[in-house]
Amino acid sequence: MAEHWQSLIGNLAVIALFISTWVHLQVLFAGRRRWVRNLAFGVTMGAGAVASMLLAIQIEGSLFDLRSSLIAITAFFGGPIAGAVAATIAIGYRVVLVGGPQSLSAVSGIVLAALTGVLVSVATRKRLPALGSALVLALAVAGGSIGLSFALRAGVPGGVPLLASPVAVMNAAATFVSAFFIMRNRVMERERDLLRAAFIHSPEMQYVKEPNSRFGAVKHGLARAVGFERPEQMIGKTDFDIAPQEIAARSVEDDRAVLKDGVALLDKEETVITPTGETIWFLTSKVVLHDSEGHVIGLAGMTRDVTVRRKLRDEAEESRNRLNYVLEGISDGIAMFDRRGVLVYCNDQYRDLFPTTREVRQPGHHINEILQAVADSGEQKGIPAGLENEWVEQTAATLDSAGEQEIQLSNERWLYVRTRPTADGSALVMVSDVTTLKQTESALRTMTEQLRRLAATDGLTGLTNRRAFDQALENEMARAQRSGLPLSVLMIDVDKFKAYNDLYGHPAGDEVLRAIGACLRGAVKRPGDIAARYGGEEFVAILPNTDEDGAFFIADALREGLHALNISHNGSKKGIVTASIGVATLVSGTGLDAAGLMQRADEALYTAKAAGRDRITGWRPKYAVQQSAG
């Protein structure tokens, strides 16, 4: 019985040997097509099955070995092609070279093992973890071995040999262990393939050097960069074989420092001048490589061409310097607040425009803090007393939307502030000193008002001129018609003024007109009343909300005032300058327009002059005048 167990243990050794052999041989088939690898796998495992059968144990006419585990493993990992190849080799040996009455049962066992491997692979792929699939395969192989033994020994005296069960268990164990090692090796292969792919396909120029600074592995990109067609041409060379002496010496010196100190060299910038005079920038990194026992076995390096990045950086720096120069050179203040309201940038002009709060207007300060300082110091005019906190909150909120505003500081300077939100939530604030513009604007406004007054003023008397009077009368007529209130008009004419000019001269006549204008201005005192020179020696007055009696009262005051002046006039029967006055009043419902009202005032003036001058006459219908004259 001992020799049987020795043979079974020998079978286990055979399986371990062939599994190990394949693990080492498959490196030769790396990169080959899948069917080629599966074919080689099938041949190797078929040879292992034959070796297992050479150590088979014969008991009661049956041969026991562990070939089923190898056949199942082959079909499980290599698929139908590998399984068929291994099964064919095993069947050929069993039938042709061994033969015997048990050949059919042996062939059945081999075929069953191959089918078991294929079916378990299909049934468990992507459904169970790897070790779970291996366990199912091992149990299936053991079950198939026991089942086949029972089927083939049914009806045979003595039944199934006692060794059938232990052999089935050993087949299961051999299958599970073999599957575990193959799976583990495949995991390691994938890791190696991943690292190899990362090394080969990485866009950087990578390499591995031996401790003597000779290249041991090189990427295609680096080889082409230094003038080699294939990476293999660089193996065994040093930097002195591929680069100028000065650059090579620096590189080797760096290698020695990294290998000696064990400290990685990271992103060292190097500059290379090409034969054409172009400058190229590189970043080089180097790290020490150790074996599993911690011994230094070399170093790995990576060189990146950062010329484009370096040029972009230089251009960005130049643009930033240019921008800073512009921002510092312009007269406007520029400030940038982030989305939280914190000042992140401002030029000196911005701080100088706010002398009282200049110190707090520094990057890092919040807008609320700056505005609170403005309110506390009284730097800005127009902040509501007692509502400073509300003002701070409302003003800070303006950073969220575009807007413009003018503010006046306590030092009488005017600032124009523009706020422009940005896409990232920040806010750009531009401040301009518009004090000169505001002063100019005020001066222009004053000048415009003066010109407006001059355009509406008679140059000789200082009263409203004819054009302005006509416009004012239209406005007052419309207002009186809307309100239903009376409106009166006085028309004044200087008596015998032509004779006065002939006797005393035109300069004296102008002085008389000025005096009459002043006297009229004194009689028309209410803010809404308007006194105007109508033309030549004629004057008019508009008296809003004044009935005829009120108009007569004002006209009489003018007549008495003119008498009080006592201006000598030898061309008049009165001996002094006098005036005749016509009064016309607009009463609600009369339907007059401005021209009609002025015509009535003119008719009343004509009546006053016809009645002997130096008197006041109101307008009456013609028949009433005729009756009065009769």
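Residues numbered from 1 in each chain as written. Predicted model: local features only at pLDDT ≥ 70, side-chain atom pairs only at ≥ 80, totals over all residues. Heavy atoms only, no water.

(A) Focus on the packing of helix α15 (residues 497-504) against helix α16 (residues 506-523). Two elements in contact, α15 and α16, have axes separated by 7 Å at closest approach and are oriented at 135 degrees. Put simply, α15 runs oblique to α16. Here α15 contributes Phe497, Tyr500, Asn501 and Tyr504 to the contact with α16, which in turn contributes His506, Ala508, Gly509, Val512 and Leu513. Partitioning the contact of α15 with α16 into residue classes produces six nonpolar, three polar and no charged. (Axes fitted to C-alpha atoms, helices over the stretch in contact; angles between N-to-C directions. Helix = DSSP H or I, 4+ residues; strand = E, 2+ residues; numbered from the N terminus. Parallel < 35°, antiparallel > 145°, perpendicular 65-115°, else oblique. Contact = heavy atoms within 4.5 Å. Nonpolar A, V, L, I, M, F, W, Y, C, P; charged D, E, K, R; others polar.)

(B) Structural view of the pairing of strand β10 (residues 403-408). As defined by bridge partners, β10 adjoins strand β11 (residues 414-421) across six bridges and the pair is classed as antiparallel. Among the inter-strand pairings, Ile407 is bridged to a residue of β11, identified as Leu415. Remark: five residues form the turn of the hairpin made by β10 and β11, two consecutive strands paired antiparallel; Glu412 in that turn has positive phi of roughly 70 degrees. (Pairing = 2+ DSSP bridges.)

(C) Focus on the nonpolar core. Ranked by internal contacts, the top residues of the largest apolar core, which has 37 residues, are Ile19, Phe41, Met45, Ile71, Ile73, Phe77 and Leu137. Listing elements by their share of this core, those giving two or more residues are α1 (2-25), α2 (34-54), α3 (67-98), α4 (103-124), α5 (130-153) and α6 (164-201). When residues of this core are assigned to their parent elements, the largest contribution, eleven residues, is made by α3. (Core = buried A, V, L, I, M, F, W, Y, C linked by side-chain atoms within 4.5 Å. Buried < 20%, exposed > 50% of the residue type's maximum accessible area, 1.4 Å probe, protein only.)

(D) Structural detail: the side chain of Lys209. Structurally, the position occupied by Lys209 is in strand β3 (residues 205-209). Within the structure, the side chain of Lys209 is placed 2.8 Å from the side chain of Asp255, a separation counted as a polar contact. Setting aside residues up to four positions removed in sequence, Lys209 forms contacts with Arg214, Phe215, Gly216, Asp239, Ser251, Asp255, Lys286, Ile297, Gly298 and Leu299. (Polar contact = N/O pair within 3.5 Å; in protein donor to acceptor, adjacent residues only side chain to side chain.)

(E) Highlighting the layout of surface pockets. By volume, the second largest pocket is sized at about 600 Å³. Around the second largest pocket sit 29 residues that line it, and Val226, Ala243, Ile247, Val272 and Phe282 are the ones nearest its centre. Elements with a minimum of two residues in the lining of the second largest pocket: β3, α7 (220-225), α8 (245-261), β5 (265-273) and β6 (279-290). The leading source of residues in the lining of the second largest pocket is β5, at six residues. Residue classes in the lining of the second largest pocket are distributed as 17 nonpolar, five polar and seven charged. (1 Å grid on protein atoms, 1.4 Å probe; cavity = no way out; pocket = protein on both sides within 12 Å on 5 of 7 lines; lining within 4 Å. Points joined across faces, edges and corners; volume = space filled by probe spheres on them.)

(F) Examining the sheet that holds strand β9 (residues 343-346) more closely. Pairing in this open sheet of five strands is antiparallel, and the strands run β9-β8-β12-β11-β10 from one edge to the other. Only two strands of the sheet have a single partner each, and these edge strands are β9 and β10. Neighbour-to-neighbour, the strand axes of the sheet open up by a mean angle of 20 degrees, direction not taken into account. Direction of pairing for strand β8 (residues 333-337) relative to strand β12 (residues 427-433): antiparallel, over a ladder of five bridges. The residue bridging Ala335 from the neighbouring strand is Val429, located in β12.

(G) Layout of a nonpolar patch on the surface. Together, Trp35, Leu39, Val43, Ile81 and Ile89 give the surface a local cluster of nonpolar side chains, amounting to about 430 Å² of exposed area. Only α2 and α3 provide two or more residues apiece to the nonpolar patch. Considering each element in turn, the nonpolar patch owes the most residues, three residues, to α2. Examined against the element boundaries, Leu39 turns out to sit in helix α2. (Patch = residues over 30% accessible without salt bridge, like charges linked within 9 Å, V, L, I, M, F, W, Y side chains within 5 Å. Areas by Shrake-Rupley, 256 points an atom, 1.4 Å probe, with all protein chains shown as cover. Salt bridge = Lys/Arg side-chain N within 4 Å of Asp/Glu carboxyl O.)

(H) Structural context of the packing of α16 against helix α17 (residues 548-565). The contact between α16 and α17 brings their axes to 9 Å, and the two run at 140 degrees. Accordingly, the angle class assigned to the pair α16 and α17 is oblique. Both α16 and α17 take part in a crossing whose hand is right-handed. Within the contact between the two elements, α16 uses Ala515, Ile516, Cys519, Leu520 and Ala523 and α17 uses Ile554, Leu558, Gly561, Leu562 and Leu565. (Left-handed = near helix turned anticlockwise from the far one by under 90°.)

(I) Expanded view of the packing of aromatic side chains. Scanning all chains against the criterion turns up seven aromatic pairs. Taken together, Phe497, Tyr500 and Tyr504 form an aromatic cluster joined through their ring pairs. Note that Arg466 overlies the ring of Tyr534, its terminal NZ or CZ placed 3.8 Å from the centroid. Above the plane of the ring of Trp619 lies Arg600, whose end atom (NZ or CZ) is 3.9 Å from the centre. (Phe/Tyr/Trp six-rings, centres within 6.5 Å; stacked < 30°, edge-to-face > 60°. Lys NZ or Arg CZ within 6 Å of the ring centre and 35° of its normal.)

(J) Molecular detail of the confidence of the model for the protein. Chain-level pLDDT for the protein is 82 on average; 87% of the residues reach the 70-or-more range. Confidence drops under a pLDDT of 50 for residues 625-630, and excluding neighbours within four residues, the segment shows one contact in the predicted structure. (pLDDT = per-residue confidence, 0-100.)

(K) Structural context of the sheet that holds β3. What the five strands build is an open sheet, ordered β4-β3-β7-β6-β5; its pairing is antiparallel. The sheet terminates laterally at β4 (215-218) and β5, the two strands that pair on one side only. Going across the sheet, the axis of each strand differs from the next one's by a mean of 25 degrees, ignoring polarity. Pairing of β3 with β4, which is carried by three bridges, proceeds in the antiparallel orientation. Bridge pairing in β4 places Val208 opposite Ala217. This element, α8, spans β3, β5, β6 and β7 (296-305) of the sheet and lies at about 30 degrees to β6.

(L) Summary view of the pattern of salt bridges. The tally for this structure, following the rule as stated, stands at 24 salt bridges. Asp255 is the salt-bridge partner of Lys286, the closest N and O atoms lying 2.5 Å from each other. Taken together, the residues Lys286 in strand β6 and Asp255 in helix α8 connect sequence positions 31 residues apart. Of the residues examined, Lys286 reaches a relative accessible area of 1% and is grouped as buried. In this structure Asp255 comes out as buried when scored by relative accessible area, which is 0%. Across the pair Glu412 and Lys381 runs a salt bridge whose closest N-O atoms are separated by 2.7 Å. With Glu412 in the loop between β10 and β11 and Lys381 in the loop between α11 (367-377) and α12 (388-397), the pair connects residues that are 31 residues apart, well separated along the chain. Residue classification places Lys381 among the partly exposed residues on the basis of a relative accessible area of 37%. Put simply, Lys209, Asp239, Asp255 and Lys286 are held in one network by salt bridges that share partners.

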